[in-house]
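Structure assessment
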Amino acid sequence: MKRVTAIVRPEKMEPLKDALFAADVKGMTISQVHGCGAQHGWSEYVRGTEVMLNMVPKVKFEVVVEDDAVDALVDTIVGAARTGEVGDGKIFVAPVEEVVRIRTGERGASAV
Ligand SMILES: Nc1ncnc2c1ncn2[C@@H]1O[C@H](COP(=O)(O)OP(=O)(O)OP(=O)(O)O)[C@@H](O)[C@H]1O
Ligand SMILES: [Mg+2]
């Protein structure tokens, strides 16, 4: 199993959520986060003075899936979250050792 973490623009939260439901994911976790990428934020003029805003609001999606579902999930995320401008976000894929459904005690793939 893998955890696919996608950090995307806040305005992509609803479109990505809808795309994930349409792709029939079993569950997801969403958090509001702040971060920066290669540009280390952006600069903006506040009352005539240029200020650097390093930490830009983003939305983090975490979805755990079986290994063979990762490629399709990544394609779904890119399709829903891409604008082509800097700051579109990033996707990280990491291994997940175990999943337990608390209600039933099921473990592994059937608990996802
Ligand atoms: N290496 C990283 N580690 C952890 N989080 C990251 C990393 N790179 C990006 N992020 C997260 O993803 C968000 C969006 O990153 P962003 O899309 O700006 O990446 P980028 O590499 O600068 O690409 P681009 O040049 O398209 O802007 C950041 O605000 C941050 O929350
Ligand atoms: Mg960037």
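See the structure shown above.
Everything numeric here is computed off the predicted structure, so don't read it as measured data. (Residues numbered from 1 in each chain as written. Chains lettered and ligands numbered in written order. Predicted model: local features only at pLDDT ≥ 70, side-chain atom pairs only at ≥ 80, totals over all residues. Heavy atoms only, no water.)

**Comments concerning unusual backbone geometry**
The phi dihedral of Asp24 is positive, around 65 degrees, even though this residue is not glycine. Position of Asp24 among the secondary structure elements: in the loop between α1 (13–22) and β2 (29–35). Phi angles above zero are rare outside glycine, and Arg47 is one such case at about 45 degrees. Inspection of the secondary structure assignment puts Arg47 in the loop between β3 (42–46) and β4 (49–53). Exposure remark for Arg47: the relative accessible area of 80% places this residue in the exposed category. (Helix = DSSP H or I, 4+ residues; strand = E, 2+ residues; numbered from the N terminus. Buried < 20%, exposed > 50% of the residue type's maximum accessible area, 1.4 Å probe, protein only.)

**Side note on the site of ligand 1**
Not every one of the 13 residues close to ligand 1 is listed here, only the nearest: Gly35, Ala38, Gly87, Gly89 and Lys90. In this structure, Ala38 approaches ligand 1 through a main-chain N or O atom, which is 2.6 Å from an oxygen atom. Note that an oxygen atom of ligand 1 is positioned 2.7 Å from one of the backbone N or O atoms of Gly87. With the chains in place, 69% of the 610 Å² that ligand 1 exposes on its own is no longer accessible. Ranked by the residues each element gives to the shell around ligand 1, the list is headed by strand β6 (residues 89–95), at three residues. Across the shell around ligand 1, the residue classes tally to five nonpolar, five polar and three charged. (Near = heavy atom within 4 Å. Polar contact = N/O pair within 3.5 Å; in protein donor to acceptor, adjacent residues only side chain to side chain. Areas by Shrake-Rupley, 256 points an atom, 1.4 Å probe, with all protein chains shown as cover. Nonpolar A, V, L, I, M, F, W, Y, C, P; charged D, E, K, R; others polar.)

**Points about the nonpolar core**
By size, the foremost hydrophobic cluster in this structure holds 15 residues, and its most contacted members are Val8, Leu16, Leu20, Phe61, Leu73 and Ile77. Those elements that provide at least two residues to this core are β1 (2–8), α1, β5 (56–65) and α2 (70–81). In terms of residues, this core owes the most to one element, α2, which gives five residues. What Phe61 contacts, discounting residues up to four positions off in sequence, is Val4, Thr5, Ala6, Val8, Met13, Leu16, Lys17, Leu20, Met28, Thr29 and Ile30. (Core = buried A, V, L, I, M, F, W, Y, C linked by side-chain atoms within 4.5 Å. Contact = heavy atoms within 4.5 Å.)

**Side note on the pattern of salt bridges**
This structure, assessed with the given rule, holds five salt bridges. In this structure, the salt-bridge partner of Lys17 is Glu14, at a minimum N-O distance of 3.0 Å. Of the two residues, Lys17 and Glu14 are both situated in helix α1; the distance of three residues between them amounts to about one turn of the helix. Among the ionic pairs, Arg101 bridges to Glu106, the shortest N-O distance being 2.9 Å. The class for Glu106 is partly exposed, based on a relative accessible area of 28%. (Salt bridge = Lys/Arg side-chain N within 4 Å of Asp/Glu carboxyl O.)

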